[in-house]
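# Chain and residue survey
If you want the building blocks of each chain, they are given just below.
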Amino acid sequence: MPSETEIRPFRVDMPDEAIADLRRRIVATRSPSKELVPDRSQGVQLATIQELARYWAADYDWRACEADLNALPQFKTEIDGVDVHFIHVKSAHPDPLPLIITHGWPGSVIELLGVIGPLTDPAAHGGSAEDAFHLVIPSLPGYGFSAEPAEAGWNPGRVARAWAELMRRLGYTRYVAQGGDVGAFVTDQMGRQAPAGLLGIHLNLLQTALLGNSPPAESAKERAALDALTTFNASGRGYFIEQATRPQTIGYALLDSPVALAAWLLDHDTDAYYKISRAFLDKQPAGHLTRDSVVDNITLYWLTGTGASAARSYWEVAQAAALAVASGQAPPAVSVPVGFTTFPGEVIPAPRSWAEKVYPTLSYFNEAARGGHFAAWEEPELFATEIRAAFRSLR
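This section reports on the structure supplied with the text. Here the structure is a predicted model, which means the values were calculated and not measured.

### Overview of the packing of aromatic side chains
- For the coordinates displayed, the defined rule picks out 15 aromatic pairs.
- Relative to Phe145, the ring of Phe10 lies with its centre 5.3 Å away and its plane at 50°, an arrangement referred to as tilted. Linking Phe10 in the loop between β1 (8-9) and α1 (16-27) with Phe145 in the loop between β5 (133-138) and α5 (156-169), this pair joins segments that are 135 residues apart in sequence. Comparing Phe10 with Phe145 shows no difference in burial state: the two are buried.
- On the numbers, 6.3 Å between centres and 70° between planes, the contact of Tyr239 with Phe240 is edge-to-face. An identical accessibility class is assigned to Tyr239 and Phe240; each is buried.
- Among the aromatic residues, those joined into a cluster by ring pairs are Trp105, Phe232, Tyr239, Phe240 and Tyr314.
- Note that Arg237 overlies the ring of Phe240, its terminal NZ or CZ placed 4.4 Å from the centroid.
- Note that Arg395 overlies the ring of Phe133, its terminal NZ or CZ placed 4.5 Å from the centroid.

### Observations concerning unusual backbone geometry
- With an omega of 5°, the peptide bond running from Trp105 to Pro106 counts as cis.
- Take Pro106: it is sitting in the loop between β4 (97-102) and α4 (116-120).
- Residue Asp80 is not a glycine yet carries a positive backbone phi of 55°.
- Within the secondary structure, Asp80 is located in the loop between β2 (74-79) and β3 (82-89).
- For Asp181, which is not glycine, the phi dihedral falls at a positive 55°.
- As for its position among the elements, Asp181 is in the loop between β6 (175-179) and α6 (182-193).
- Here Asp181 falls in the buried class, since its relative accessible area comes to 8%.

### Looking at the pattern of salt bridges
- If you walk through the whole model with that rule in mind, you get 25 salt bridges.
- Ionic pairing is found between Asp188 and Arg192, a salt bridge with its closest N-O pair at 2.9 Å. Here Arg192 and Asp188 lie together in helix α6, a separation of four residues that amounts to about one turn.
- Judged by relative accessible area, Asp188 falls into the buried class, the value being 3%.
- With a closest N to O distance of 3.1 Å, Lys221 and Glu367 form a salt bridge. Here Lys221, found in helix α7 (residues 220-236), pairs with Glu367, found in strand β9 (residues 362-367); they are 146 residues apart in sequence, far enough to count as distant.

### What about the environment of Pro141?
- The residue Pro141 is located in the loop between β5 and α5 in this model.
- A relative accessible area of 8% places Pro141 in the buried class.
- Separated by 58 residues in the primary sequence, Pro141 and Asp83 place their C-alpha atoms 7.9 Å from one another.
- The residues contacting Pro141, other than those within four sequence positions of it, are Val82, Ser146, Ala147, Pro149, Trp154, Val159 and Trp163.

### A short note on the layout of surface pockets
- As a volume, the largest pocket reaches approximately 910 Å³.
- Taken together, 32 residues make up the lining of the largest pocket; nearest its centre are Gln189, Thr208, Leu211, Ala324 and Pro331.
- Contributions of two or more residues to the lining of the largest pocket are made by α5, α6, α13 (307-327) and α14 (352-358).
- Considered class by class, the residues forming the lining of the largest pocket number 17 nonpolar, 10 polar and five charged.

Analysis parameters
- Residues numbered from 1 in each chain as written.
- Predicted model: local features only at pLDDT ≥ 70, side-chain atom pairs only at ≥ 80, totals over all residues.
- Heavy atoms only, no water.
- Phe/Tyr/Trp six-rings, centres within 6.5 Å; stacked < 30°, edge-to-face > 60°.
- Helix = DSSP H or I, 4+ residues; strand = E, 2+ residues; numbered from the N terminus.
- Buried < 20%, exposed > 50% of the residue type's maximum accessible area, 1.4 Å probe, protein only.
- Lys NZ or Arg CZ within 6 Å of the ring centre and 35° of its normal.
- Salt bridge = Lys/Arg side-chain N within 4 Å of Asp/Glu carboxyl O.
- Contact = heavy atoms within 4.5 Å.
- 1 Å grid on protein atoms, 1.4 Å probe; cavity = no way out; pocket = protein on both sides within 12 Å on 5 of 7 lines; lining within 4 Å.
- Points joined across faces, edges and corners; volume = space filled by probe spheres on them.
- Nonpolar A, V, L, I, M, F, W, Y, C, P; charged D, E, K, R; others polar.

Written out as structure tokens, the structure reads:
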């Protein structure tokens, strides 16, 4: 019998019937009438979702994604009662720095596949062998191939402790961590907990701004970031509020209708939505945000039945934030060096002054030339360059 701490190899093998059932459900979709506005202000547009559904049912091949995943070293191990799935790719270069990188919502490990090559083999991607990483990419609890938590309380702090245990279990005594979106909440907590061996963190979302903290708005960049935050709070926060307060309610649609799931996952932010929409309607993908990779991610949610359990991660974030406010105590400071990259299409293009206010130990900051909320997915080479630069001084 396997021990609780055993690391077990894992392969993806979805039943043919599950894929056939998915196609049947897509074809049987009952769609609403066309939106009454010329933009996304009423939500995901009918033309976009209809073309995605057509492609998904008629042309898409899940088995190609499955083969790509199975070409990578995948594992599972039980941590704190949850079976955690992770990809673990070791670099062939000498003295690589171990890195654990955490995805967010509505993403998955799919959004990080493009950075594996540039981070583990930088010499083959225009970089230096001295900047190589051993790479650990876990699926968050309740996402993808990780098990659903059977109890409440799996907030970012608890996930952070699980990730520290995962790195310990893998034998890494010194490592760094990176995260965006939900992964930024987890990685921020890792920085505050400062587990043994953690050398530093890198983020590409200033998650504190999403939780109601009032940042300064004196410079032009600060005012532009505040305007973006105000717009998001006024017209782009619907999914955030629903998942932070009623994830179970939206979960019924996400588990019953693949097209409802697809629409919900697409309706995240304006920049990413229009890039994805153009990939389907105009056949013009933005970087690696291709039709196949977008549908790979949606299909992963569908076949694993994790739409509701993933949504609950927002409820956990909200609960943890409310408890922190109620305690009246400031969170522990981040004591390790922090790197931060602002991508221009991010929901909140945080300026350096905002990052420095939250992270006094900021050791690296850069404003990238392109990329949005899903920077690792859209621009993996550029994203990997940022990671290498952020952690270079910690080797």
